[in-house]
Protein chains: 2
Amino acid sequence: MAKSALQIARAGYKAKMPKALTGNLTIKEGDPTQSVADHDDIRHLFPNTYGMPIVTFVESSEEKKYPAMNVGVILSGGQAPGGHNVIAGLFDGIKRLNKGSRLFGFLLGPGGLIEHNYMELTAEIIDEYRNTGGFDIIGSGRTKLEKKDQFDKGLEILKKLDIKALVIIGGDDSNTNACVLAEYYKHKNTGIQVIGCPKTIDGDLKNEMIETSFGFDTACKVYSELIGNIERDCNSSRKYWHFIKLMGRSASHITLECALQTQPNICLISEEVEAKKQTLDDVVNYIADIIAKRAENGDNFGTILIPEGLVEFIPAMKNLITELNDFLAENIEEFSLIKKIKYLTEKLKPENAAIYASLPENVARQLAMDRDPHGNVQVSLIETDKLLIEMVGRRLDHMKNEHRYVGKFSAQSHFFGYEGRCAAPSNYDADYCYSLGYAAAILIGEGKTGYMASVRNTTAPADEWIAGGVPITMMMNMERRHGELKPVIQKALVDLNAAPFKKFAADRNTWAMKTDFVYPGPIQYFGPTEVCDQPTKTLLLEQGVE
Amino acid sequence: MAKSALQIARAGYKAKMPKALTGNLTIKEGDPTQSVADHDDIRHLFPNTYGMPIVTFVESSEEKKYPAMNVGVILSGGQAPGGHNVIAGLFDGIKRLNKGSRLFGFLLGPGGLIEHNYMELTAEIIDEYRNTGGFDIIGSGRTKLEKKDQFDKGLEILKKLDIKALVIIGGDDSNTNACVLAEYYKHKNTGIQVIGCPKTIDGDLKNEMIETSFGFDTACKVYSELIGNIERDCNSSRKYWHFIKLMGRSASHITLECALQTQPNICLISEEVEAKKQTLDDVVNYIADIIAKRAENGDNFGTILIPEGLVEFIPAMKNLITELNDFLAENIEEFSLIKKIKYLTEKLKPENAAIYASLPENVARQLAMDRDPHGNVQVSLIETDKLLIEMVGRRLDHMKNEHRYVGKFSAQSHFFGYEGRCAAPSNYDADYCYSLGYAAAILIGEGKTGYMASVRNTTAPADEWIAGGVPITMMMNMERRHGELKPVIQKALVDLNAAPFKKFAADRNTWAMKTDFVYPGPIQYFGPTEVCDQPTKTLLLEQGVE
């Protein structure tokens, strides 16, 4: 495997850990816990794993002996920076508990467990992947682990390999499933424990006990590097409006964090658009008005951040899409595109037809044509950045005719997603992930199941971080998914009443007019600590540190 | 101006310089020079600035006195990392020659000279911009400085500000114009000197005396960071082919350098496509064949690099575009799109009609619709990445029907350009640019005009770099531009017989099948020298160091 100079130099980085994990430790158990909502339902569904206490690791003078144990690990869902360090921490952790412990990785996601594809992760392999990005050590996948026959199939291989515990590294859904699996294996008295680790670069797996999900820090820093570079370009040539779409369909945490880091002229937050019940026209007018105001100062340039999921948060668009789904479910498949568009325009409810007619041609075509395997409109294919450029351009033309706009509008569009998901983890994520993996090892040693590894107080220096575990049921409530009530971990959307959004809302009008771009530059691994070891602005603001 | 932690830390970086520039120096003059071709024509056009010797700065024991002087500086054309350091080096250089020297910046490119828009660049301003990306200190612009009345208009303000010399920082065209201006001001006995500095991130201003143009190193490192991240993602999820288009219309240096840094599965080099007289189908088949071969090994993923200018290097496409330009020049403007396409398909030469018919619908539409102000087809609007994805997809479908392809093809497209042009300069570019600016100051002090600042031997440690100046006429030849023979600096395309391309060509078959991605990671400013101070692979190979 050929390696870059940075890969070689970075391999030697020793991840920092909470002090309690570096020596002898013992566990401190809190009071019994409750789910965030729907207590009775969740308790009923998880009789064996409901109500367990939060556990915290604390230093101890006593050395504790643990037996050797075999552990399995799975990477589930989309890549996020730091996954390899979770596995390295887990490996080092179980080896510290007992040198005879072994680690098995299931290949290409939960499917590896079901199909019995695995490999042993030796010290040599682990060392190749320390502090690197990607999930390529064992690969990842999106198979959902949620059916009994899958659980039973997994059980076969776990028993065969004499595996005591399975660690599932994943997002909210994967951790929900980890808990269901923990409950099932406990119910069946298999003796096999299941532990989750909180990962999403979208940042929507977050609550009182899980400060942040890993990868969010690194990904936001990569995107902010690029946004800053584009802002500097924008401010040098002074002739383009850059529309930058950022990953994050179900929540706008990434966009908000990047805005706090780079101070763009305009930034849309899906949760606010939804709360204010804005229409697509409202959004377009908001952008066009700022562009027109800047043009009055001779500034025909700027930078706009847009969350990927925006369209789905606009109530009127949601209605249109729902109605489109109903129509497309009918048998108009064989219609030509033009006939289809005509049919839709005639049959849709008047308010939806009006919105549909207002969409740029390519979006109207795309909505009529592309359907997912369930027959639904493929919202993710809508190029929101280009849609907005076209509609804003039209709006500005209109304003020009009314002598309300005096500028020149040229736009460039960008989309950043894949660019950040597999970046080598920042020091923060390298440390955080390693500590999470190590904490998972201790939870296993202590016989816990249905827990998520937890590392908190991460705005302090690493040795003051607090490690432990949180019962997954504690984060659950009941939600309707595909028409069925299900126990799920509550998704954390951007809270419009919390400090990060408030800070943004307080500053955005200044940023709109003043051009006060900040250029964060690339992630640094070797420099001064104020450059290399800073957590996200979101976390600093949430914890009142900034 | 709000600043990031990295901006603050990086401001303190002291750019490294050739030893000769750090103390007392004298100049060594070589033999008279000749232009690269068309000697008589160039000599005739540049009677006052032709044939001057190459000059090199060497250490000296003697201290030389220089009078105070006012100097002007212009940033011309597209942004490239390091422009601010050229200006900082120039500032420090003229101040070292005499503390009473002053620097004036003309605003928003050559237009600032003509329109008399300028600002004095004080120590306070310069310090704000050391080691930063962008051209925002005085802005840049694309006004071409090539007419006598522009020169005379410039002369007014230069005289008014008592400016002794003008430094033009730009690409091949801007340096050609700098030389024409130098010749004009010398011819008119104005006493005003003109010095050029070699900038292009495309890397096509390069020759025996100019090893590299500034910004190329940093931009390639930013793109390679992103390509590496995408490769790691690609290798983790193992389900997408990523088509990555890279800036560089007139030459493929960026794409070649990024390929050498990241080892993608496929990389197209425009100059090779042209030399081999490949058709669009040849290119599509080349890609599809590799995809099919990898699919046989179960590898339905990969990464492909594509230079932005590819289409213009495909001879058959060039012919089609030429014929389209002729047709579009005729008055079919008022035709509807469908009529236009029909008309084109009927009227084009059969071979061009066949190519036109083979293009994806959106490209055919775009070619028929969008014209530049001269009435020409807008080749730059062709989304080459998406064009190839669609055509490769079709080709694979065809191969599947013939049982020659067993895989699954899903593709993602990316385009990187603006992301790298204004990045904060790497150590290499920070040092190189500062040295170039400093060298320009010495050339001015020594009374030179029509020279380009030159810094060579840059694969060695900075104190061994060789600084001096090269007569711009030495790089010139006569070329036909817009139908007119003009003196221009010869553009450096990728040389298919030079070491960088040969290295790539020797390794690409291995990279195609083996998946041997390298992940360069982000530019580092503070780490070990093998991480922070490396020049490009292109330069190392060209100089036989690697």
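Residues numbered from 1 in each chain as written. Chains lettered and ligands numbered in written order. Predicted model: local features only at pLDDT ≥ 70, side-chain atom pairs only at ≥ 80, totals over all residues. Heavy atoms only, no water.

Peer 1: Talk me through the environment of B:L256; I want residue IDs and the actual numbers.
Peer 2: Residues and elements named next belong to chain B. With respect to the helices and strands, L256 occurs in helix α9 (residues 253–262). On the basis of relative accessible area, L256 is assigned to the buried category, the value being 3%. As a C-alpha pair, L256 and I306 span 50 residues in sequence and 9.6 Å in three-dimensional space. For L256, the residues in contact, after removing those within four places along its chain, are I269, V494, P500, F501 and F504. (Helix = DSSP H or I, 4+ residues; strand = E, 2+ residues; numbered from the N terminus. Buried < 20%, exposed > 50% of the residue type's maximum accessible area, 1.4 Å probe, protein only. Contact = heavy atoms within 4.5 Å.)

Peer 1: How would you explain the pattern of salt bridges if you had to name every residue and give the values?
Peer 2: Evaluation of the coordinates by the stated rule reveals 66 salt bridges over all chains. Between A:R421 and B:D233 there is a salt bridge; the shortest N-O distance is 2.7 Å. With A:R421 in helix α18 (residues 418–421) and B:D233 in helix α8 (residues 216–237), this residue pair bridges two chains. Within the structure, one salt-bridge network assembled from shared partners comprises A:K144, A:D173, A:E479 and A:R481. (Salt bridge = Lys/Arg side-chain N within 4 Å of Asp/Glu carboxyl O.)

Peer 1: So what's going on with the sheet that holds strand β10 (residues 302–307) of chain A? Residues and values would help.
Peer 2: Working definition: the strands of a sheet are paired by backbone hydrogen bonds and lie parallel or antiparallel to each other. Residues and elements named next belong to chain A. Reading across the sheet, the four strands line up as β9-β10-β8-β11 and stay open at both edges, with parallel pairing between neighbours. Where the open sheet ends on each side, the last strands, each with one partner, are β9 (266–267) and β11 (411–416). The pairing of β9 with β10 spans two bridges and is parallel. Pairing of C267 across the sheet is with L305, part of β10. (Pairing = 2+ DSSP bridges.)

Peer 1: Got a sec to walk through the side chain of B:N300? Specific residues and values, please.
Peer 2: Residues and elements named next belong to chain B. With respect to the helices and strands, N300 occurs in the loop between α11 (280–296) and β10 (302–307). Relative accessible area serves as the criterion here: at 18%, N300 is assigned to the buried category. Polar side-chain contacts of N300 include one of 3.2 Å to the backbone nitrogen of K408. Residues within four places of N300 in sequence aside, it is in contact with R238, K239, Y240, W241, A295, Y405, G407 and K408. (Polar contact = N/O pair within 3.5 Å; in protein donor to acceptor, adjacent residues only side chain to side chain.)

Peer 1: Describe in detail the interface of chain A and chain B, supporting the description with residues and values.
Peer 2: The partner chain B presents 62 residues to the 62 residues of chain A that form the contact. Taken together, the two surfaces of chain A and chain B that pack against each other cover about 4,500 Å², and 53% of this comes from carbon and sulfur. Summed over the shared surface of chain A and chain B, the result is eight salt bridges. In this structure, B:R365 engages A:E361 in a salt bridge whose closest nitrogen and oxygen atoms are separated by 3.9 Å. At the junction of chain A with chain B, the criterion picks out 28 residue pairs in polar contact (both at pLDDT 80 or more). Contributions of two or more residues to the side of chain A that touches chain B are made by α1 (5–11), α8 (216–237), α16 (361–369), β11, α18 and α21 (529–532) of chain A. With ten residues, the top contributor of residues to the side of chain A that touches chain B is α8(A). (Buried area = accessible area lost by both parts, 1.4 Å probe.)

Note that all results are geometric; they support no functional claim without further evidence.
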